[in-house]
Amino acid sequence: MKDKFLQKNFQLIEEWKENLSLMFDKINRRLCILKKIRNSEIYLQLKKIDNPYTPKIFFVAENFVIEEFIEGENLSEILERGIFSEEKIISILTQLCECLKILHKNKILHRDIKPSNIILQGEKIFLTDFGIARKIKNISESDTEWLGTRGYAPPEQFGFSQTDCRSDIYSLGVTLKLLQPKSDRLKKIIRKATNFNPADRFQSVDEILAELQGKNLVSRLKNFFVKPKETERKELEELLQKYFLSFSVKLPTVEEYRFQPKKYSLEKKLKYPDDFHYIYDTEVEADVAGMISFDSNIYAKLDEYIAQVLKMYEDRQLKNFFVYEPSQENFYHKINCEVEKRTEKIFRNLNLKLPLTLKEFTCSPDEINFDAKKYVSAVRTEFEELVKNESLHYQIYIRTQKTVRRNSDKKYGFHINEAADAFFGDILWATGFFSETSDALRDDIQNSIHKNYFEKLHSALNRKADDIRNYLLKN
């Protein structure tokens, strides 16, 4: 079937490798590439994507693909003849970032970025060879197949962890290094892009593009401090807009504020009533007495116990979102630290000493009275769904025990400790499930932050921008 299709529609021009041939498309009258593949899924998706930096995909079958022939030289061949200018390197890097931006947006990892897979056609670049590309996934801890070109592929591509867009950024950084840039700004990009730990790399190609654009702006701004001009004033405003006035805050996610039952141990704070306080003639009587005691002394206080759990939850975990304190876990402290880093970055880029008073930034929320008690009934609903038979569920935990008094018959007592432990465990579980699934709780937290903090933060960022503007204009 495949051979008949190819013979009818294409003419072999030259076989370059066992799995790669130059062909002539008889119907459309154009040169194209025939490539044997093992992952048609990626090429089917590439066919749907409009990416000006990758070859067009004309036809995809189960084990081969027909794609656009790109006439030009690959980067590896050009490198053999000499080095690139700074402007050329920036152009290549910018285009590759734009290319990867489109791929990553469509959940595609290339996983084999290197000079021989980059073709220059005049000033334009094309990224080729998607033979080991794959979809971005978030379900496994490491790649099941170790693929890629050693020296270019990041550590995680060889089994250290799961690959993602930061893996392509690593290979991009290695490729950039081979272009031998001379400027400090490009060398800094290389160092960050090729960090061993993915968390310390650029987290997206947008960050590299922003770094390039920001650096160009900063280099022009440096002239401002020699001879101020109106154009540089506008660029200063643009810099402040980028770093402060356009500063966006990521609201906390469900994962960040969900209740974690293992961190709480409510039952250890309670005294269990009636433990062996009564003695009965039969085991049945002891069982019944135990259930009555459980219902009247423990189960009847369900709402009270849920309120206690929610109060602990508010004090321990939700505190990070409603109270400011200098802790790396605190929502507001992390924002303050980020603004201070942005301030420091402006001065560092301009080779100016940063006054300590300008670096410091503290913006805490207005007083927020978050009422966790209003969720007691919602948690109770989750609890009762878990324990549909209500107190009968705990009967299996109530233990009876024989007691013998001198010169008397055997008697029976009860203790309800295990039943209470299971009961409290279910309260904790219901609270955790509620915090993980409740849209109302999420909206309450996020609306509270909006109402009591965002307007205050916006004003503080404006003041910070004004302080920096005034300082730079005076100096």
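Anything mentioned here points back to the structure above.
Since this is a predicted model, take the numbers as computed values, not measurements.

Across its full length, the protein chain carries 16 helices and 12 strands. Burial status across the protein chain gives 44% buried among its 475 residues. Accessible surface for the protein chain amounts to roughly 26200 Å². Of this, 48% is attributable to carbon and sulfur atoms.

This part covers the sheet that holds strand E2 (residues 20-25). Sheet architecture is open: 5 strands sit in the order E1-E2-E3-E5-E4, paired in antiparallel fashion. A strand with exactly one partner marks an edge of an open sheet, and here the two such strands are strand E1 (10-17) and strand E4 (57-60). The average undirected angle you get between the axes of adjacent strands in this sheet is 25°. Strand direction decides the pairing type here: E4 and strand E5 (residues 64-68), joined by 3 bridges, are antiparallel. Bridge pairing links valine 60 to valine 65 in E5. Where helix H2 (residues 40-48) meets the sheet, its contacts fall on strand E3 (30-36), E4 and E5, and the angle it forms with E4 comes to roughly 140°.

Bringing the packing of aromatic side chains into the picture now. Scanning the entire structure with this criterion turns up 24 aromatic pairs. Ring geometry for phenylalanine 331 and tyrosine 332: centres 5.2 Å apart, planes at 85°, overall edge-to-face. We classify tyrosine 332 as buried; its relative accessible area is 0%. By way of ring pairs, the aromatic residues Phe294, Tyr299, Tyr305, Phe383, Tyr394, Phe423 and Phe424 are connected into one cluster. Its guanidinium or amino end placed over the ring of phenylalanine 58, arginine 30 lies 3.6 Å from that ring's centre, counting from NZ or CZ.

With that out of the way, let us pick up helix H6 (residues 184-193). Quick reminder: α-helices carry 3.6 residues per turn. Residues three or four places apart thus point the same way. Taken as a whole, H6 has its buried residues at Leu186, Ile189, Ile190 and Ala193. Each buried residue of H6 sits inside an arc of 100° when the element is viewed along its axis, so together they form one side. Exposed residues pointing more than 90 degrees away from the buried face of H6 are listed as Asp184 and Arg191.

Taken as a class, soluble globular proteins show a tendency for nonpolar side chains to be buried jointly. One finds Phe244, Phe383, Tyr394, Phe423, Ile427 and Ile445 to be the most contacted residues of the largest nonpolar core, which totals 66 residues. Secondary structure elements with two or more residues in this core: helix H8 (230-245), helix H10 (283-297), helix H11 (302-322), helix H12 (331-349), helix H14 (376-386), helix H15 (417-437) and helix H16 (439-474). With residues up to four places along the chain from it excluded, the contact list for phenylalanine 423 reads Phe294, Ile298, Tyr299, Leu302, Tyr305, Phe383 and Tyr394. In terms of nonpolar packing, the next biggest core, distinct from the first, is built from 42 residues, Ile90, Ile108, Ile189 and Leu209 among them.

Positive phi, normally seen in glycine, also occurs at arginine 29, with a value near 55°. Here arginine 29 shows up in the loop between E2 and E3. A positive phi is found at glutamine 180, a non-glycine position, where the angle reads about 55°. Counting through the fold element by element, glutamine 180 comes out in the loop between helix H5 (165-178) and H6. Owing to a relative accessible area of 41%, glutamine 180 belongs among the partly exposed residues under this scheme.

The pairing of strand E6 (residues 73-74) with strand E8 (residues 118-121) spans 2 bridges and is antiparallel. Bridging across to E8, glutamate 73 finds its partner in leucine 120. Across 4 bridges, the pairing between E8 and strand E9 (residues 124-127) is antiparallel. From the neighbouring strand, isoleucine 119 faces E9, where its bridge partner is phenylalanine 126. From the end of E8 to the start of E9, which pair antiparallel, there are 2 residues, and glycine 122 there has a positive phi angle of about 70°.

On the surface, Val284, Val288 and Ile292 cluster together into a nonpolar patch covering about 290 Å² of accessible area. By secondary structure assignment, the location of isoleucine 292 is in helix H10. When its relative accessible area of 54% is taken as the criterion, isoleucine 292 is described as exposed.

It is worth spelling out the sheet that holds E8 at this point. On the basis of which strands lie adjacent, the open sheet formed by 3 strands has the order E6-E8-E9 and antiparallel pairing. Each edge of the sheet is formed by a strand with only one pairing partner; in this case those strands are E6 and E9. Helix H4 (residues 86-105) contacts E8 and E9 of the sheet and is inclined by roughly 40° relative to E9.

One pass over the structure, following the stated rule, counts 25 salt bridges. Between lysine 88 and glutamate 123 there is a salt bridge, with the nearest N and O atoms lying 3.3 Å from each other. Of this pair, lysine 88 sits in helix H4 while glutamate 123 sits in the loop between E8 and E9; the two residues are 35 residues apart in sequence, bridging distant segments of the chain. Between glutamate 255 and arginine 258 there is a salt bridge, with its nearest N and O atoms 3.2 Å apart. Residue class for arginine 258 comes out partly exposed when judged on its relative accessible area of 23%.

Two elements in contact, H5 and H6, have axes separated by 8 Å at closest approach and are oriented at 140°. As for the relative orientation of H5 and H6, their crossing is left-handed in sense. Together, Ile169, Tyr170, Gly173, Leu176 and Lys177 of H5 and Leu186, Ile189, Ile190 and Ala193 of H6 make up the contact between the two elements. Here the residues of the contact of H5 with H6 sort into 7 nonpolar, 1 polar and 1 charged.

Rules used in this analysis
- Residues numbered from 1 in each chain as written.
- Predicted model: local features only at pLDDT ≥ 70, side-chain atom pairs only at ≥ 80, totals over all residues.
- Heavy atoms only, no water.
- Helix = DSSP H or I, 4+ residues; strand = E, 2+ residues; numbered from the N terminus.
- Buried < 20%, exposed > 50% of the residue type's maximum accessible area, 1.4 Å probe, protein only.
- Areas by Shrake-Rupley, 256 points an atom, 1.4 Å probe, with all protein chains shown as cover.
- Pairing = 2+ DSSP bridges.
- Axes fitted to C-alpha atoms, helices over the stretch in contact; angles between N-to-C directions.
- Contact = heavy atoms within 4.5 Å.
- Phe/Tyr/Trp six-rings, centres within 6.5 Å; stacked < 30°, edge-to-face > 60°.
- Lys NZ or Arg CZ within 6 Å of the ring centre and 35° of its normal.
- Arc of directions from axis to C-beta.
- Core = buried A, V, L, I, M, F, W, Y, C linked by side-chain atoms within 4.5 Å.
- Patch = residues over 30% accessible without salt bridge, like charges linked within 9 Å, V, L, I, M, F, W, Y side chains within 5 Å.
- Salt bridge = Lys/Arg side-chain N within 4 Å of Asp/Glu carboxyl O.
- Left-handed = near helix turned anticlockwise from the far one by under 90°.
- Nonpolar A, V, L, I, M, F, W, Y, C, P; charged D, E, K, R; others polar.

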